[in-house]
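Here is how the chains run, residue by residue.
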Amino acid sequence: MAFRNFFILAALISAIAAPAQIRLEVLKQSHIGDKMRLVGITEPGASVTVNGKAVHVYDSGTFGDEFAMKDGDNDFKITASKNKLSKTITVTEHHPAPKPEKKDTQPIVSQSITPTLVKTLEGAYLQYGVAGDRLGGSKMGYLDPGVTLQASEEYGDLYRVNLSANRDAYIPKKFTEPDGEGPLEQVASGTVSISNSGKCDRVFIRLPKRVAYRSFTSLDPSTITVEIFSVRNNSNWITHKRGLGMIDYVDVVQTEADVMQLIIHLKRKHNWGYTVHYDKSGLAIEVKHVPSLKLADMTIGLDAGHGGSYPGSLGYTGLTEKEINLTLIKLVKERLEKRGAKVVLTRADDSEVSMPERNRIFRDAKVDLAISIHNNSGGSPLMEMGSSTYYKHLFCMPLARVMRKHLLSLGFKDFGMTGNFNFSLSQPTDYPSVLLEVLFMSSLADEEKLLSPKWRQRIADSVVAGLEEYLDEAKKDK
């Protein structure tokens, strides 16, 4: 017992003698022109000075500022203090910063090939060119399997394909298979019929084979245009049946010698989605009817960005984007379900769900509308970066606009609304969809809000309020 008491006493004396310190870490130091940018973290509620200058500490414990530098070595003494405890560290930066070494890169060059026919496989899509960003090349649209194209050039893992005599596009090679040789055959279009098939209006144009197509929408007037390639207009019958729910009328225009357009004029400004696909004897365009517009009758798709081994952006406190995205989505889900809506999630936990699978989940659930929540990264950590919304198809812009309005009503800075966004979950035309980049994980001020339970509740409220306003606008659209 005496030996045990001795060791306890020794441990207490050691703890008292050891200098107590608080957390203080430099998370990032950057050479910005003739300034040094420091970002660090300490205990929430602590005070921080850098070379004697007080620096703002956020509720999360993060801090940051920029400091002028002179030529040569520059020392920055950082001190954090709280409740008579303190810690000091010093970092050094040399000015001017060494120039980064230039890396030699080998550009990908195009290679002409003997023109050959290829046929599309499941998942095939066209893109406008070879340039791209982290989301890939700008997509023209997806194609059914079995569409014949003529490949005339290789560019890395892409084929340049001829859609018609004067129109081309690019397609990933992995979504094609050989289909013989010869020129791209032109076909003549047949009759066009427009009818109400229950939950949608159906436009059907007879075609003798599967050729390439793309679709796009306009808002004023409210139309869906389907452009069909390698086709000459022989549609002498355009039959409109009675009882159409969404379509006013359809016109056919030959815009080039081998390109024709189906122009579908809608009765309403709000477009609730459409699909384009081949049937046995031609191309079908199914235009969805207006849903009930009561939340209690609707199915809303909610997507929490990232997940699993894809954490997304990382905040300076260690907060991951996948974590905060899911937290916000669950708060939105809770609010929508209280209003009676059916909610479909692409992920309800930290699971890894591919983009094709997320699209399949929404498509199989026949959602009326989809919202994907993300949080951004980039820019200066010392600035409030703000909120932004994103859409691919023009008919989704009204939804993106109203969602942006409600996020900004919280006092967030405006990072903009972006159209033609190349995000995979924004590609389907089956329903209106929007992607929200709520705030920036990389901004100390924005991350402070994302960590706050109060702000999370306010963000979820704003998303639901935006959705409700969108539905109210649609109710007036008659």
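Rules used in this analysis
Residues numbered from 1 in each chain as written. Predicted model: local features only at pLDDT ≥ 70, side-chain atom pairs only at ≥ 80, totals over all residues. Heavy atoms only, no water. Helix = DSSP H or I, 4+ residues; strand = E, 2+ residues; numbered from the N terminus. Rg over C-alpha atoms; globule rule 2.2 N^0.38 Å. Contact = heavy atoms within 4.5 Å. Lys, Arg positive; Asp, Glu negative; His and termini not counted. Charge placed at Lys NZ, Arg CZ, Asp CG, Glu CD. Salt bridge = Lys/Arg side-chain N within 4 Å of Asp/Glu carboxyl O. Buried < 20%, exposed > 50% of the residue type's maximum accessible area, 1.4 Å probe, protein only. Core = buried A, V, L, I, M, F, W, Y, C linked by side-chain atoms within 4.5 Å. Pairing = 2+ DSSP bridges. Axes fitted to C-alpha atoms, helices over the stretch in contact; angles between N-to-C directions. Expected span 1.5 Å × (residues − 1). Polar contact = N/O pair within 3.5 Å; in protein donor to acceptor, adjacent residues only side chain to side chain. Parallel < 35°, antiparallel > 145°, perpendicular 65-115°, else oblique. Left-handed = near helix turned anticlockwise from the far one by under 90°. Nonpolar A, V, L, I, M, F, W, Y, C, P; charged D, E, K, R; others polar. Disulfide = S-S within 2.5 Å.

The helix and strand tally for the protein chain stands at six helices and 31 strands. A globule of 478 residues ought to have a C-alpha radius of gyration of about 23 Å, yet the protein chain, at 29 Å, is considerably larger. Projected onto its principal axes, the C-alpha positions of the protein chain cover 100 × 55 × 50 Å. In the protein chain, of all internal contacts separated by at least 6 residues, the share reaching a separation of at least 24 is 68%. Across the protein chain, the mean location of the 60 positive side-chain charges is 5 Å away from that of the 57 negative side-chain charges.

Attention shifts here to unusual backbone geometry. The omega angle of the peptide bond from H95 to P96 is 0°, so this bond is cis rather than trans. With respect to the helices, strands and loops of the structure, P96 is situated in the loop between β7 (85–95) and β8 (111–120). With an omega of 5°, the peptide bond between D220 and P221 qualifies as cis. Inspection of the secondary structure assignment puts P221 in the loop between β18 (213–219) and β19 (222–229). Phi angles above zero are rare outside glycine, and N51 is one such case at about 50°. In this structure, N51 sits in the loop between β3 (47–50) and β4 (53–55).

Moving on, we come to the pattern of salt bridges. Scanning the entire structure with this criterion turns up 25 salt bridges. For E66, the salt bridge goes to R37, with nearest N and O atoms at 2.8 Å. In this pair, E66 sits in strand β5 (residues 62–68) while R37 sits in strand β2 (residues 35–42), placing the two residues 29 residues apart along the sequence. On the basis of relative accessibility, which here comes to 14%, the residue R37 falls in the buried class. Across the pair D303 and R358 runs a salt bridge, and its minimum N-O distance is 2.6 Å. Taken together, the positions of D303 in strand β26 (residues 299–304) and R358 in helix α3 (residues 355–365) put the pair 55 residues apart, joining distant regions of the chain. Each member of the salt-bridge network shares a partner with another, and the members are R167, R214, E227 and E256.

Before going further, it helps to spend a moment on the nonpolar core. Judged by nonpolar contacts, the single largest core of 92 residues is most densely connected at L149, I228, L262 and L336. Per-element accounting of this core gives the leading share, nine residues, to helix α6 (residues 453–475). Those residues in contact with L149, other than ones at most four positions away along the chain, are T116, L117, V118, T120, L126, L143, V161, N162, L163, I171, L184 and A212. Formed by 16 residues, the second largest nonpolar core is a distinct cluster that contains I22, L24, L38 and V57.

Another aspect to go through is the sheet that holds strand β1 (residues 24–32). Taken together, three strands build an open sheet; the order of strands is β1-β2-β5 and the sheet is antiparallel. Each having just a single partner strand, β1 and β5 make up the two edges of the open sheet. On average, each strand axis in the sheet is inclined to that of its neighbour by 20°, with strand direction left out of account.

As a further point, take α6. Here α6 spans 33 Å end to end across 23 residues, near enough to the 33 Å set by a 1.5 Å rise per residue. Along α6, the residues that are buried comprise W455, R456, I459, A460, S462, V463, V464, G466, L467, Y470, L471 and A474. Elements in contact with the buried residues of α6: β26, α2 (321–338), β28 (369–376), α4 (397–408), β31 (433–440) and α5 (444–450).

The next subject is the side chain of N375. As for its placement among the helices and strands, N375 is situated in strand β28. There is a polar contact of 3.0 Å between the side chain of N375 and the side chain of N325. Excluding anything up to four places from it in sequence, N375 contacts S313, E321, I324, N325, L328, E437, V438, L439, M441 and L450.

This part covers the sheet that holds strand β21 (residues 238–240). One open sheet holds the five strands; their spatial order is β21-β16-β17-β25-β24, and the pairing between them is mixed. Each of the sheet's edge strands pairs with one partner strand only, and the pair in question is β21 and β24 (274–278). When the angles between neighbouring strand axes are averaged without regard to direction, this sheet yields 15°.

Glancing now at the packing of α4 against α6. The contact between α4 and α6 brings their axes to 8 Å, and the two run at 140°. It follows that α4 is oblique to α6 by the angle criterion. Between α4 and α6 lies a crossing of right-handed hand. Counting all contacts with α4, which are made through P398, L399, V402, M403, K405, H406 and L407, the residues of α6 involved are S462, V463, A465, G466, L467, E469, Y470 and E473. The class makeup of the residues in the contact of α4 with α6 is nine nonpolar, three polar and three charged.

To continue, consider the state of the cysteines. On inspection of all chains with the given rule, the structure shows zero disulfides. No disulfide involves C200; its sulfur sits 18 Å from the nearest other cysteine sulfur, which is in C396. For C200, a relative accessible area of 12% puts it in the buried group. With a relative accessible area of 0%, C396 lands in the buried category.

Everything listed here is a matter of coordinates, which is why it stays silent on function.
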